[in-house]
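Observations on chain architecture
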Amino acid sequence: QAKKSGKNQSVLFKQSLQLEHNVRARIDHELRKAIIKNELSLVYQPQISSVYGELVGVEALLRWHSSELGEVSPAEFIPMAEENGQIIELGLWVLKTACQTLRKWQLTASRPLTMSVNVSAGQLTDPNFLKNMTDVIHASGVDPRGLVVEITESTAISEMDNVRSLLEQLTEQGIRIALDDFGTGFSSISLLRQLPFNIIKIDRSFLKSLSRGSQDWYIVKAIQDLASALGHEVVAEGVETNQQLTLTRELQCDVVQGYVFSRPIPLKELEARYLLTPETKIRRIS
Ligand code: C2E
Ligand code: MG
Ligand code: MG
Ligand code: MG
């Protein structure tokens, strides 16, 4: 009996591996055509100043609506694009599109806003990355001081040697560097002295069950104290509730990003909500 069910299980296991393989092959195949088929878009998530309650910038997040597969999450296709090298082309598309938007705001908005763009390991190790990025910036006419490049802790650690000089060269152009998902990796603290970060984004896992005096509260407080002593700005990511919002303010996080203010939304919606139109000023939101 045991033998029989073991055999069945392994058949099922093989079938699910096969299924998994087929799904991945389809995503891979469809993703290659996503740019020409015009299936990609960016959504923008507001970043709000804790002290003033005002919009200070946005994070650009990639969306893929495939005609064949429907909506595919970046958590699914970005790692695949990393593996098969498509991330380089996708990343450039993201950069171009985000720079066009930022350029428009730099010409029309009544105050400077930042545009944060995620960059992953496969992009940073591309030998043409710096040149391509510089070309995109020049072609779009954007002031690079409005740009933030977000890299995750794991990217930073795995590519440490290459990444340091690359990040320094970005910094020289006025681009700021954010350490994304901070606290989820392994050598967080030594990273801060090895790479030129300007911004630290505290991972949302710390905020999930944040309450005054809890373990996570002390961790966030320690990160905040360390970051501000080093002159880094702190962004609290994934803030969902008013309770979390109050606590991140008490802990003096500089900027808050999360569902409590807004999900990532299309450009039109963002511009309407925050009145980012040529004639009007940015509205205070709290
Ligand atoms: P990330 O850079 O850490 O982005 C934040 C993620 O958290 C986004 O998921 C966002 O929608 C989600 N989020 C924001 N606020 C909240 C909240 O209050 N609660 C919860 N539960 N989630 C929140 P998304 O858009 O699905 O992106 C997932 C990841 O995919 C990103 O994590 C980033 O690592 C990657 N990614 C997205 N767009 C790009 C891109 O253009 N290039 C690269 N290289 N990676 C990207
Ligand atoms: Mg990010
Ligand atoms: Mg993050
Ligand atoms: Mg993340």
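Definitions and limits used
- Residues numbered from 1 in each chain as written.
- Chains lettered and ligands numbered in written order.
- Predicted model: local features only at pLDDT ≥ 70, side-chain atom pairs only at ≥ 80, totals over all residues.
- Heavy atoms only, no water.
- Helix = DSSP H or I, 4+ residues; strand = E, 2+ residues; numbered from the N terminus.
- Rg over C-alpha atoms; globule rule 2.2 N^0.38 Å.
- Contact = heavy atoms within 4.5 Å.
- Areas by Shrake-Rupley, 256 points an atom, 1.4 Å probe, with all protein chains shown as cover.
- Lys, Arg positive; Asp, Glu negative; His and termini not counted.
- Charge placed at Lys NZ, Arg CZ, Asp CG, Glu CD.
- pLDDT = per-residue confidence, 0-100.
- Salt bridge = Lys/Arg side-chain N within 4 Å of Asp/Glu carboxyl O.
- Buried < 20%, exposed > 50% of the residue type's maximum accessible area, 1.4 Å probe, protein only.
- Near = heavy atom within 4 Å.
- Polar contact = N/O pair within 3.5 Å; in protein donor to acceptor, adjacent residues only side chain to side chain.
- Nonpolar A, V, L, I, M, F, W, Y, C, P; charged D, E, K, R; others polar.
- Donors = N, O, S within 2.8 Å, 3.2 Å for Na, K, Ca; no water.
- Phe/Tyr/Trp six-rings, centres within 6.5 Å; stacked < 30°, edge-to-face > 60°.
- Lys NZ or Arg CZ within 6 Å of the ring centre and 35° of its normal.
- Pairing = 2+ DSSP bridges.

For the protein chain, the name recorded in an unreviewed UniProt entry is EAL domain-containing protein, with Neiella holothuriorum as its organism.

Let's talk about the overall build of the protein chain
When its secondary structure is counted, the protein chain shows eleven helices and nine strands. Taken against the 2.2 N^0.38 rule, which gives 19 Å for 286 residues, the C-alpha radius of gyration of the protein chain at 21 Å falls within 12% of a compact globule. With respect to the principal axes defined by its C-alpha atoms, the protein chain has extents near 70 × 50 × 40 Å. Intrachain contacts of the protein chain at a sequence separation of at least 6 include 66% that bridge at least 24 residues. For the protein chain, the computed accessible surface area is about 14,800 Å², with 53% contributed by carbon and sulfur atoms. Between the centroid of the 31 positive side chains of the protein chain and the centroid of its 34 negative side chains there is a distance of 4 Å.

Side note on unusual backbone geometry
Leaving glycine out, the prevailing phi sign among residues is negative, and the prevailing peptide bond configuration is trans. Despite not being glycine, Asn 38 has its phi angle at roughly 60°, a positive value. Counting through the fold element by element, Asn 38 comes out in the loop between α1 (2-31) and β1 (40-49). Look at Asp 181: it is not a glycine, yet its phi comes out positive at around 55°.

Quick word on the confidence of the model for the protein chain
Residue-level pLDDT values for the protein chain average 90, and 93% of them are 70 or greater. For this predicted complex, the interface score ipTM comes out at 0.98, while the overall pTM is 0.92.

With respect to the pattern of salt bridges
By the definition in use, this model includes 16 salt bridges. With a shortest N-O distance of 3.0 Å, Arg 32 and Asp 28 are connected by a salt bridge. With a shortest N-O distance of 2.8 Å, Glu 59 and Lys 201 are connected by a salt bridge. Of this pair, Glu 59 sits in strand β2 (residues 55-66) while Lys 201 sits in strand β7 (residues 199-202), placing them 142 residues apart in sequence. Taken as a pair, Glu 59 and Lys 201 share a single burial class, namely buried. Where salt bridges share partners, they join Glu 30, Lys 33, Lys 37 and Glu 39 into one cluster.

Structural notes on the site of ligand 1
Residues in close proximity to ligand 1 total 22 residues, the closest being Arg 63, Asn 118, Asp 180, Glu 240 and Tyr 259. At 3.1 Å from an oxygen atom of ligand 1 is found a side-chain nitrogen or oxygen belonging to Asp 181. Glu 237 has a polar side-chain atom sitting 3.5 Å from an oxygen atom of ligand 1. Here ligand 1, which alone exposes 800 Å², has 84% of that area covered by the protein. For the shell around ligand 1, the elements supplying multiple residues, two or more each, are β2, α2 (74-84) and β6 (176-182). Take the shell around ligand 1: its biggest share by element is four residues, from β2. Partitioning the shell around ligand 1 into residue classes produces eight nonpolar, six polar and eight charged.

Description of the coordination of the magnesium ion (ligand 2)
Within the protein, Glu 59 (OE), Asn 118 (OD1), Glu 150 (OE) and Asp 180 (OD) serve as the donor atoms for the magnesium ion (ligand 2), at 2.0 to 2.2 Å. All donors of the magnesium ion (ligand 2) come from a single chain, and their spacing in sequence reads E-x58-N-x31-E-x29-D.

Quick notes on the environment of Gly 258
Here Gly 258 shows up in the loop between β9 (255-257) and α11 (267-273). Put simply, Gly 258 and Gln 47 are 211 residues apart on the chain and 7.9 Å apart in space, counted from C-alpha to C-alpha. Residues within four places of Gly 258 in sequence aside, it is in contact with Gln 45, Gly 238 and Val 239.

Concerning the packing of aromatic side chains
Applying the stated criterion across every chain yields a total of three aromatic pairs. When the centroid spacing of 5.1 Å and the interplanar angle of 90° are considered together, the rings of Trp 217 and Tyr 218 count as edge-to-face. For Trp 217, a relative accessible area of 14% translates into the label buried. One Lys or Arg, Arg 263, reaches over the ring of Tyr 259 and ends 3.9 Å from the middle of that ring.

Some remarks on the side chain of Gln 244
Considering the arrangement of structural elements, one finds Gln 244 in helix α10 (residues 242-250). Beyond its immediate stretch of four places on either side in the chain, Gln 244 contacts Leu 207, Lys 208, Gly 238 and Val 239.

Concerning the pairing of strand β4 (residues 114-118)
Taking burial as the measure, the five residues of β4 include four buried ones, the bulk of the element. Bridging between β2 and β4 involves four bridges; their strand directions are parallel. Its bridge partner being in β4, Ala 60 is matched across the sheet by Val 117. Bridge count between β4 and strand β5 (residues 147-152): four bridges; the pairing is parallel. Bridging across to β5, Val 117 finds its partner in Val 149.

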